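For reference, the chains in residue letters:
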Amino acid sequence: MDLQQVKNDLEQRLPKARYEHVLRVTETAKKLAEEVGVSVEKAEIAGLFHDYAKFMDKDELLDLLKRDEEYELYAQYHAELWHAPVGAMLAKERYGVEDHDILQAIRFHTTGRAEMSELEKVIYIADLIEPGRKFPGIEELRQRIDGEPLEDQMTECIQHTFKFLVQRYAVIFPHSFDCYNEHVRRRKEQ
């Protein structure tokens, strides 16, 4: 796969700020992958594609989502979540990405899920903590997870996300609950 071609495509598809976010997520994912022993190449591909469908027209996004096995579930939730499964679909169809782990990392980078692979966790974390992110508590989160095992980093990140969503009375996607519950149970068992 020609990653420069993917970057050129992304630069045309996305607003400048989002394109720069994608590049920062990709670099953060590569660094984290190297630290925790995950394939840096897979992290780079998943990082580049994680927001591939982010700024598609909502109707086009919905049409593509209808082909997804979990369409009925996603259709019940905010359109903000749709770009993840559609992005995985387009990575496969347009660029021939066949690696299941990469496709899952793209698909679940926004919601998380139970039984995430290490690559999925790397992309989820990188998307949340990349250096351009500015939101209340981000510096503290970065400090808490710095140098920690990947599993502990994921636990902190999913807890942070839940606090954010609950404070805003946001509807929470079922896979996110599963992810959160899995990590809370694991932490209690330690």
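As a reminder, the structure under discussion sits directly above these lines.
Participant: Can you explain the packing of helix H2 (residues 16–36) against helix H8 (residues 118–129)? Please cite residues and give values.
Facilitator: H8 packs onto H2 with a crossing angle of 135° between their chain directions and a minimal axis gap of 8 Å. Relative to H8, H2 is oriented oblique. Note on packing geometry: the crossing formed by H2 with H8 is right-handed. Where H2 approaches H8, its residues His21, Val25, Thr28, Ala29, Leu32, Ala33 and Val36 are matched on the opposing element by Glu118, Val122, Ile123, Ile125, Ala126, Asp127 and Ile129. Per-class residue counts for the contact of H2 with H8 are 10 nonpolar, 2 polar and 2 charged.

Participant: Help me get a handle on the packing of aromatic side chains, residues and values and all.
Facilitator: This structure, assessed with the given rule, holds 7 aromatic pairs. Both rings, one in tyrosine 74 and one in phenylalanine 173, keep their centres 4.7 Å apart while their planes meet at 40°; by these two values the pair is tilted. Linking tyrosine 74 in helix H5 (residues 71–74) with phenylalanine 173 in the loop between helix H10 (150–167) and helix H11 (174–189), this pair joins segments that are 99 residues apart in sequence. Residue classification places tyrosine 74 among the buried positions, given a relative accessible area of 0%. What makes phenylalanine 173 buried here is its relative accessible area of 2%. Three or more aromatic residues joined by ring pairs make a cluster, and in this case those are Phe49, Tyr52 and Tyr95. The ring of tyrosine 52 carries the charged tip of arginine 13 above its face, separated from the ring centre by 4.0 Å.

Participant: Before we move on, could you go through the side chain of arginine 18 and cite the residues and values that matter?
Facilitator: Residue placement: arginine 18 occurs in helix H2. Once you skip the residues sitting within four places of it in the chain, arginine 18 turns out to touch Asp51, Lys54 and Phe55.

Participant: Lay out the environment of leucine 14 with the relevant residues and their values.
Facilitator: Inspection of the secondary structure assignment puts leucine 14 in the loop between helix H1 (3–13) and H2. Residues leucine 14 and lysine 134 lie 120 residues apart in sequence; the distance between their C-alpha atoms is 20 Å.

Participant: Residue-level account of H11, with values.
Facilitator: With 16 residues, H11 extends 23 Å between its outermost C-alpha atoms, agreeing within 8% with the 22 Å of an ideal straight helix rising 1.5 Å per residue. Listing the buried residues of H11 in full gives His175, Ser176, Cys179, His183, Val184 and Arg186.

Participant: Which residues make up helix H3 (residues 40–49), and what values go with them?
Facilitator: In terms of residue burial, H3 counts as a mostly covered element, since 7 of its 10 residues are buried. Three or more residues of H3 are buried, namely Ala43, Glu44, Ile45, Ala46, Gly47, Leu48 and Phe49. Elements that come into contact with the buried residues of H3 comprise H1, H2, helix H6 (83–95), helix H7 (100–107) and H8. Structurally, the start of H3 carries an N-cap: the backbone nitrogen of glutamate 41 is 3.4 Å from a side-chain oxygen of serine 39.

The rules behind these values
Residues numbered from 1 in each chain as written. Predicted model: local features only at pLDDT ≥ 70, side-chain atom pairs only at ≥ 80, totals over all residues. Heavy atoms only, no water. Axes fitted to C-alpha atoms, helices over the stretch in contact; angles between N-to-C directions. Helix = DSSP H or I, 4+ residues; strand = E, 2+ residues; numbered from the N terminus. Parallel < 35°, antiparallel > 145°, perpendicular 65-115°, else oblique. Left-handed = near helix turned anticlockwise from the far one by under 90°. Contact = heavy atoms within 4.5 Å. Nonpolar A, V, L, I, M, F, W, Y, C, P; charged D, E, K, R; others polar. Phe/Tyr/Trp six-rings, centres within 6.5 Å; stacked < 30°, edge-to-face > 60°. Buried < 20%, exposed > 50% of the residue type's maximum accessible area, 1.4 Å probe, protein only. Lys NZ or Arg CZ within 6 Å of the ring centre and 35° of its normal. Expected span 1.5 Å × (residues − 1). Polar contact = N/O pair within 3.5 Å; in protein donor to acceptor, adjacent residues only side chain to side chain.

Interpretation in functional terms is not warranted from these geometric data alone.
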